[in-house]
Amino acid sequence: MSRRISTAPLALLLVSLGSAAGGAYAYHRYRDADWERRENEYQRQLQGKLTESEKQMQSLNTELGTARARLVTQASLDEKY
């Protein structure tokens, strides 16, 4: 009396586990790659190696800071005098 065991559920389980493992690997690989890219970009900016658009943003930020420094309210003038 030989019993034949169906392999379909076992195959489905193995495919599901393999797919889950592959997806987890791909997710962590992508996440770590993005972190490394952002860290490299941050280090480049700290060294002063800026792209043209970053230089423009920096100059606009400096101009805005200067404009804010010049703004004085009437209340602060009244306090000074």
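Our subject is the structure listed above.
One numbering rule holds for all chains: residues counted from 1, following each sequence as written. Where local features are concerned, this predicted model is filtered to residues with pLDDT of at least 70; where side-chain atom pairs are given and counted, the filter is 80 or more; whole-chain, interface and lining totals use all residues. For side-chain calculations, the full set of non-hydrogen atoms in the structure is used, while hydrogens and water are omitted.

A. Local environment of the overall build of the chain. Per the convention used, a helix needs a DSSP run of H or I reaching at least four residues, while a strand needs a run of E reaching at least two, with both numbered from the N terminus. A tally of regular secondary structure across the chain gives three helices and zero strands. Helices and strands in the chain line up, N terminus first, as α-α-α. Accessible surface for the chain amounts to roughly 7900 Å². Of this, 58% is attributable to carbon and sulfur atoms. Each accessible area is a Shrake-Rupley estimate made with a 1.4 Å probe; only the visible protein chains count as cover when residues are assessed.

B. Quick peek at helix 1 (residues 8-46). Under the convention used throughout, the expected extent of a helix is 1.5 Å for every residue step, that is, one less than its residue count. Helix length check: helix 1, at 39 residues, gives a terminal C-alpha distance of 57 Å against a target of 57 Å (1.5 Å per residue), a fit within 8%. Note on helix 1: the residue one or two positions beyond its end, G48, has a positive phi of about 85 degrees.

C. Looking closely at a nonpolar patch on the surface. To count toward a patch, a residue needs a relative accessible area above 30% and no salt bridge. Like charges then connect within 9 Å, nonpolar side chains (Val, Leu, Ile, Met, Phe, Trp, Tyr) within 5 Å. Here, a salt bridge means any side-chain nitrogen of Lys or Arg that lies within 4 Å of a carboxyl oxygen of Asp or Glu. Side chains of L10, L13, L14 and L17 sit close together on the surface and give an oily, nonpolar patch of about 410 Å² of accessible area. Note that L10 resides in helix 1.

D. Structural detail: the pattern of salt bridges. The tally for this structure, following the rule as stated, stands at five salt bridges. The residue R37 makes a salt bridge to D34 at a minimum N-O spacing of 2.9 Å. One end of the pair, R37, and the other, D34, are both in helix 1, three residues apart, so they sit about a helical turn from each other. Working definition: with a 1.4 Å probe on protein chains only, accessible area under 20% of the residue-type maximum means buried, over 50% means exposed, and in between means partly exposed. Classification of R37 as partly exposed rests on a relative accessible area of 46%. Exposure remark for D34: the relative accessible area of 24% places this residue in the partly exposed category.

E. Representation of the environment of S53 within the structure. Topologically, S53 is positioned in helix 2 (residues 52-70). There is a polar contact of 3.3 Å between the side chain of S53 and the side chain of T51. The definition of a polar contact used here is a pair of N or O atoms within 3.5 Å, where within protein one atom must be able to donate a hydrogen and the other to accept one, and adjacent residues in sequence count solely through side-chain atom pairs.

F. Layout of the side chain of E54. On the secondary structure map, E54 appears in helix 2. Within the structure, the side chain of E54 is placed 3.0 Å from the side chain of R44, a separation counted as a polar contact. Any pair of residues with heavy atoms lying within 4.5 Å of one another is described as a contacting pair. Discounting residues that sit within four places of it in the chain, E54 has contacts with E41, R44, Q45 and K49.

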